[in-house]
Structure formats: structure tokens, C-alpha cells
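# Understanding the architecture of this molecule
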Amino acid sequence: MRSVGVEEELMLIDAATGQARAVAAAVLQHAGDELEFELQLEQLETATRPCQSLEELDAEIRRCRARAARAAAEAGVQVAALGTAPMEGEPSLTRKSRYQRMAAEFGLTAHEQLTCGCHVHVEVESDDEGVAVLDGIRPWLPAVLAISANSPFWQGRDSGYASYRYQAWGRWPSSGPAGEFGSARAYHELTGAMVATGTVLDLGMIYFDARLSRHYPTVEVRVADVCLDAADAVLAAALIRALAETHARAWRAGRPPAGIPVELLRLASWRASRSGLDGELIDPLTLRPAPAGAVARALVGHVRDALADAGELRTVEGLLADVLQRGNGARQQREAYRRDGRILDAIRRGVTGPPG
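Residues numbered from 1 in each chain as written. Predicted model: local features only at pLDDT ≥ 70, side-chain atom pairs only at ≥ 80, totals over all residues. Heavy atoms only, no water.

## Some words on a nonpolar patch on the surface
- On the surface, a nonpolar cluster with roughly 230 Å² of combined accessible area is contributed by L264, L267 and L287.
- Mapped onto the elements of the fold, L287 is located in the loop between β10 (280-282) and β11 (289-291).
- Look at L287 and you get partly exposed, because its relative accessible area is 32%. (Patch = residues over 30% accessible without salt bridge, like charges linked within 9 Å, V, L, I, M, F, W, Y side chains within 5 Å. Areas by Shrake-Rupley, 256 points an atom, 1.4 Å probe, with all protein chains shown as cover. Salt bridge = Lys/Arg side-chain N within 4 Å of Asp/Glu carboxyl O. Helix = DSSP H or I, 4+ residues; strand = E, 2+ residues; numbered from the N terminus. Buried < 20%, exposed > 50% of the residue type's maximum accessible area, 1.4 Å probe, protein only.)

If you want it as C-alpha cells, here you go:
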């Protein structure tokens with residue numbers, strides 16, 4: 001069983017107003033070494049331990065969220081699992097030299113980048129296996145984005161997108177789907193050449209939807225919003241681990257990846273960001289529009305053997321049925337907003353842990 005871990009970025013908000021609060025430094029004073037700064041002072045990052053079972057991962061995600069909530073409460077705020085800060089406001093850049101360099105180089109792209117994602121790490125045996133996984137999973141990442149979509153509001157209004165985080169994140173020059181690499185050597189040559197252009201600061205700014213981790217023997221899938229419900233983060237991680245296993249097996253068996261052009265994957269990702277689970281997605285098998293639920297179920301079908309071998313098929317099918325019935329975070333935020341027209345209600349839907 002490949003280990004899997006999840007990093008989540010969480011928003012720091014005022015309990016009364018729903019406004020994002022630039023208090024990460026104060027929160028982290030109460031958190032020990034379990035939480036980290038992010039680009040803006042209105043957010044922080046959690047990270048689970050590497051996990052084997054989905055039950056263990058679920059417990060870890062909830063433990064990390066509770067730890068963040070307790071530290072936030074000590075600083076008089078709340079943490080919210082929201083992909084964007086729904087209220088109007090101007091983010092406050094964290095005072096770290098790297099972030100200051102990013103602000104100087106990228107202007108408003110850095111200054112306005114207050115978004116929260118979910119990064120899933122899956123263990124691989126080598127860079128060669130990892131790149132084979134990256135090449136194979138590409139067509140299915142838009143479906144993962146649609147399941148996780150949790151950022152419909154931006155600067156006080158409905159953006160019209162299920163994941164506006166993905167649109168805002170797409171302003172970075174190195175973000176989005178990548179082409180097929182073919183080998184670890186080709187991957188490292190390309191990413192090195194990207195850094196050599198001087199357009200990105202370093203390898204940490206290779207913001208592909210999925211990449212090789214620089215610090216761990218993992219592939220790091222970065223396409224998802226932070227999920228409103230912890231169960232949806234478990235679902236996304238389970239699907240990503242099963243994708244990794246499915247395409248590692250295909251690579252060992254000599255079966256090539258699908259070879260879908262990156263231009264079509266960009267369209268599929270845009271559609272997933274726009275529609276989430278409440279419209280059509282681009283089916284990776286036909287490259288034609290199909291209902292989002294059908295594409296999500298096709299993803300489970302695609303990785304069925306890996307899920308069954310791990311004893312996770314029934315659990316994943318249940319988690320997917322739940323999110324299709326109740327909706328992802330974007331739908332739940334919008335439903336909370338529609339009840340009385342207050343974005344604050346949508347924000348409170350994302351609050352995790354005790355009040356500040």
C-alpha cells in the first residue's frame with residue numbers, strides 16, 4: 001500500500017464579520033511546529049503524517065483541522081476550509097524573503113493570491129515511476145478538481161465558478177496541466193530549463209497540477225481546492241492514490257499513457273473549475289461533454305482494480321455517492337448563501353473547530 005498524506009491550506013477569519021484576518025503569526029505562536037505560514041497572513045497550512053488506511057487519513061485530517069482551530073481560537077479567530085476568502089479585502093503578504101521576492105516579481109498576481117488548496121502526496125518508488133504516474137493521471141485530474149471545488153465567491157460576489165481558486169491560481173506562469181514528460185530525465189531537464197528562464201524563482205514555483213515533490217519520495221497532486229468537508233478530502237486523496245497505483249502498474253506493464261494534448265486538458269480543467277459537480281465535464285475517455293456525476297463515476301471505474309486490491313472500493317463508492325447527493329463545497333456554500341442572501345452564512349459553513 002502506497003502511503004498518502006494531505007496538506008491543507010486554511011483561511012483565518014473573524015467570527016463576527018467573516019472577514020479574513022491577517023493573524024497567522026499570532027495563531028502560530030499557539031501551534032508549536034504543526035502548522036506553517038503560507039503566502040498570505042490570512043491563511044496557514046496543515047500537514048498530515050503519511051498514512052496507509054483511509055480511516056487513518058480521515059483521523060489525521062480532522063486532527064490537523066482541530067489543532068489549527070484551537071490555535072486560531074487562542075488568537076481570537078476561526079479557521080475555515082474555504083478555497084477563497086469570500087468577503088472583499090486586501091490580503092497581507094507574509095514577511096518572508098521568498099514571498100517578498102515573489103511579490104516584487106509578480107505584482108498583483110502575488111498580492112491578490114489569497115487561495116487555499118489541498119495537496120495530496122502519494123509515495124512512489126523512484127522518479128521514473130513518479131513521472132510515469134504524472135503522465136498517466138493527467139486526463140483525470142479535472143474530475144478531482146470538480147469533486148473538491150469549494151471556492152465560488154471572490155471579493156464579495158459569486159464568481160460564477162465552482163472553483164474560482166483554480167482561476168486565480170492560474171495567473172502564475174507555471175501553473176495548470178502539463179504535457180507528457182516521458183522520463184524522469186526529461187522532467188528534470190524541462191523544470192530546470194523553466195527555472196533557467198528567470199521567469200520562476202526556483203523549483204518550488206513549478207506549479208503544475210501534479211509534480212514530483214522536491215522534499216519527499218512522492219508525487220504531489222495540487223489540483224484540488226481545500227475541501228469544505230474532511231470526508232471529501234479523504235475521497236480526493238483515495239482517488240489520487242488509486243490513480244497513482246493504476247498508472248504505475250500500466251507503466252510496469254509497458255502500456256503507454258493516453259496522450260491527450262495539453263490544450264484539451266486545459267479546456268477540461270477550465271470546465272471543471274466552472275461547473276464543479278453541477279454541470280457537465282469533459283469525459284477523458286471520449287473528450288466530449290458528459291454529466292459531472294457520470295465522469296466522477298467513470299473515474300472510480302478507471303481505478304476500480306487498485307481500489308479493490310486496497311480494500312477501499314466500497315468506501316470510495318460511498319464517499320462519492322455522498323458528495324454527489326449533498327454537493328461539493330461550492331454547492332453547499334451557495335445553498336447557505338441563498339437561504340438569506342448573506343455571504344457570511346456561506347463562510348460559516350466552512351468553519352472548522354471551536355469558535356474564536
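Having put the structure on the table, let's press on.
## Some thoughts on the pattern of salt bridges
- The tally for this structure, following the rule as stated, stands at 29 salt bridges.
- In this structure, R241 and E312 form a salt bridge, with 2.4 Å as the shortest nitrogen-oxygen distance. In this pair, R241 sits in helix α9 (residues 230-252) while E312 sits in the loop between α12 (304-309) and α13 (313-326), placing the two residues 71 residues apart along the sequence.
- Among the charged side chains, a salt-bridge network with shared partners connects R2, E129, E245, R249, R252 and D309.

## What about the packing of aromatic side chains?
- Applying the stated criterion to the full structure yields 10 aromatic pairs.
- Ring plane angle 40 degrees and centroid distance 5.8 Å describe the contact between F181 and F208, whose orientation is recorded as tilted. Note that F181 is positioned in the loop between α7 (164-169) and α8 (184-196) and F208 in the loop between α8 and β8 (210-212), a separation of 27 residues in sequence.
- In textbook terms, an aromatic cluster arises when at least three aromatic residues are bridged by ring pairs, as seen for F106, W169, W172 and Y207.
- The ring of Y161 is capped by R274, whose NZ or CZ atom sits 5.6 Å from the centre of that ring. (Phe/Tyr/Trp six-rings, centres within 6.5 Å; stacked < 30°, edge-to-face > 60°. Lys NZ or Arg CZ within 6 Å of the ring centre and 35° of its normal.)

## What to know about the nonpolar core
- With 80 residues, the main nonpolar core has M102, V120, W172, M205, L235, L239 and V316 as its most contacted residues.
- Per-element accounting of this core gives the leading share, 14 residues, to α9.
- If near-sequence neighbours (up to four positions away) are discounted, L235 is found in contact with I147, V316, L319, L320 and V323.
- Among the nonpolar cores identified, the runner-up in size contains 30 residues, and L82, V226, L228 and A346 belong to it. (Core = buried A, V, L, I, M, F, W, Y, C linked by side-chain atoms within 4.5 Å. Contact = heavy atoms within 4.5 Å.)

## So, the packing of helix α2 (residues 54-74) against α9
- Interhelical geometry of α2 versus α9 gives an angle of 135 degrees and a closest axis separation of 10 Å. Classified by the angle between their axes, α2 and α9 sit oblique to one another. In the packing of α2 onto α9, the handedness of the crossing is right-handed. In this structure, α2 contributes L54, L57, D58, I61, R62 and R65 to the contact, and α9 contributes A230, A231, A233, V234, A237, A238 and R241.
- Residues that form the contact of α2 with α9 fall into these classes: 9 nonpolar, no polar and 4 charged. (Axes fitted to C-alpha atoms, helices over the stretch in contact; angles between N-to-C directions. Parallel < 35°, antiparallel > 145°, perpendicular 65-115°, else oblique. Left-handed = near helix turned anticlockwise from the far one by under 90°. Nonpolar A, V, L, I, M, F, W, Y, C, P; charged D, E, K, R; others polar.)

## Remarks on the pairing of strand β5 (residues 117-123)
- Most of β5 sits out of view: 6 of its 7 residues are buried.
- Here 5 bridges tie strand β1 (residues 4-13) to β5, and the two strands are oriented antiparallel to one another. Along β5, the bridge assignment pairs E7 with H119.
- Relative to strand β9 (residues 218-225), β5 runs antiparallel, the two being bridged by 6 bridges. Counted as the bridge partner of H121 is E220 from β9. (Pairing = 2+ DSSP bridges.)

## Side note on the environment of N150
- Turning to its location among the elements, N150 is positioned in the loop between α6 (141-148) and β6 (153-154).
- By relative accessible area, N150 is classed as buried at 0%.
- A polar contact is formed between the side chain of N150 and the backbone oxygen of A81, at a distance of 2.8 Å.
- A polar atom in the side chain of N150 sits 3.0 Å from the backbone oxygen of V226. (Polar contact = N/O pair within 3.5 Å; in protein donor to acceptor, adjacent residues only side chain to side chain.)

## Structural notes on the pairing of β1
- Most of β1 is tucked away: 10 of the 10 residues are buried.
- Side chains V4, V6, E8, L10 and L12 of β1 all project onto a buried face; the interleaved residues G5, E7, E9, M11 and I13 project onto the opposite face, where all are buried too.
- Relative to strand β4 (residues 78-80), β1 runs antiparallel, the two sharing 3 bridges. Its bridge partner lying in β4, L12 is registered against V79.

## Some thoughts on the packing of α9 against α13
- Running from amino to carboxyl end, α9 crosses α13 at an angle of 130 degrees, the nearest separation of the two axes being 10 Å. Considering their axes alone, α9 and α13 lie oblique with respect to each other. Between α9 and α13 the crossing geometry is left-handed. Note on element contacts: α13 touches α9 through V316, L319, L320, V323 and R326, opposite A231, D232, V234, L235, A238 and L239.
- A class-by-class count of the residues in the contact of α9 with α13 yields 9 nonpolar, no polar and 2 charged.

## Digging into helix α3 (residues 97-106)
- Those residues of α3 that sit buried are Y99, M102, A103 and F106. Along the axis of α3, the buried residues cluster in a sector spanning 100 degrees; they form a single face. With respect to the buried face of α3, the exposed residues turned more than 90 degrees away are S97, A104 and E105.
- In the core, the buried residues of α3 are packed alongside β2 (36-37) and α4 (108-111).
- The first or second residue beyond α3 is G107, which carries a positive phi of 55 degrees. (Arc of directions from axis to C-beta.)

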